[in-house]
Amino acid sequence: MDRIFAWDDRRGQVVYRIPGHTHKNGREDSDLSPVWLPIDASELPEGVSVDDLRKVTVEE
């Protein structure tokens, strides 16, 4: 599964999503309803930095 990483400008943290993945709570991650999950910046793939990430605003 390919993860998409971004910077949550609301909380100031790295987040990721897995398009097409259905989570344990039944929510499906789609482009219309993305499910962003927090991740530590140290877990970014090699060669990817926080400065490379696009900014998103994760809603509550």
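K.L.:
Provide a residue-level description of the overall build of the chain, including the pertinent values.
P.N.:
The secondary structure content of the chain amounts to 0 helices and 4 strands. Overall, the chain shows an N-to-C arrangement of helices and strands of β-β-β-β. Taking 60 residues into account, the globule formula puts the C-alpha radius of gyration at 10 Å, and the chain, at 11 Å, falls close to it. Per-residue burial over the chain gives 28% buried out of 60 residues. Looking at the chain alone, contacts between residues at least 24 apart form 40% of all its contacts between residues at least 6 apart. When the accessible surface of the chain is summed, it comes to about 4400 Å², and 46% of that surface belongs to carbon and sulfur atoms.

K.L.:
Explain the side chain of D8 to me, and be specific about the residues and the numbers.
P.N.:
Turning to its location among the elements, D8 is positioned in strand β1 (residues 4-8). Accessibility expressed as a relative area gives 0% for D8, which makes it buried. Looking at D8, its side chain comes within polar contact range of the side chain of R11, at 3.2 Å. Those residues in contact with D8 that lie beyond four places of it in its chain are Q13, V15, V56, T57 and V58.

K.L.:
How would you explain the confidence of the model for the chain if you had to name every residue and give the values?
P.N.:
Any residue range with low pLDDT should be treated as having predicted coordinates unsuitable for detailed reading. When pLDDT is averaged along the chain, the result is 95; 98% of the residues meet or exceed 70. Put simply, strand β3 (residues 37-39) is where the chain has its lowest mean pLDDT, 96, and β1 is where it has its highest, 98.

K.L.:
Requested: an account of the packing of aromatic side chains, with residues and values cited.
P.N.:
Using the criterion set out here, one finds 1 aromatic pair in the structure. A ring pair is formed by F5 and Y16, whose centres lie 6.3 Å apart and whose planes are at 45 degrees; its orientation type is tilted. Here F5, found in strand β1, pairs with Y16, found in strand β2 (residues 13-17); they are 11 residues apart in sequence, far enough to count as distant. The same class applies to F5 and to Y16, which are both buried.

K.L.:
Tell me about the sheet that holds β2, residues and numbers included.
P.N.:
The strand order β3-β2-β1-β4 describes an open sheet built from 4 strands, whose pairing is mixed. Here the strands that pair on one side only, and so sit at the sheet edges, are β3 and β4 (54-56). Taken pair by pair, the neighbouring strands of this sheet meet at an average axis angle of 50 degrees, ignoring direction. Pairing analysis gives 5 bridges linking β1 to β2, with the strands arranged antiparallel. Note that in β2 the partner of A6 across the bridge is V15.

Each value, and the rule that gives it
Residues numbered from 1 in each chain as written. Predicted model: local features only at pLDDT ≥ 70, side-chain atom pairs only at ≥ 80, totals over all residues. Heavy atoms only, no water. Helix = DSSP H or I, 4+ residues; strand = E, 2+ residues; numbered from the N terminus. Rg over C-alpha atoms; globule rule 2.2 N^0.38 Å. Buried < 20%, exposed > 50% of the residue type's maximum accessible area, 1.4 Å probe, protein only. Contact = heavy atoms within 4.5 Å. Areas by Shrake-Rupley, 256 points an atom, 1.4 Å probe, with all protein chains shown as cover. Polar contact = N/O pair within 3.5 Å; in protein donor to acceptor, adjacent residues only side chain to side chain. pLDDT = per-residue confidence, 0-100. Phe/Tyr/Trp six-rings, centres within 6.5 Å; stacked < 30°, edge-to-face > 60°. Pairing = 2+ DSSP bridges. Axes fitted to C-alpha atoms, helices over the stretch in contact; angles between N-to-C directions.

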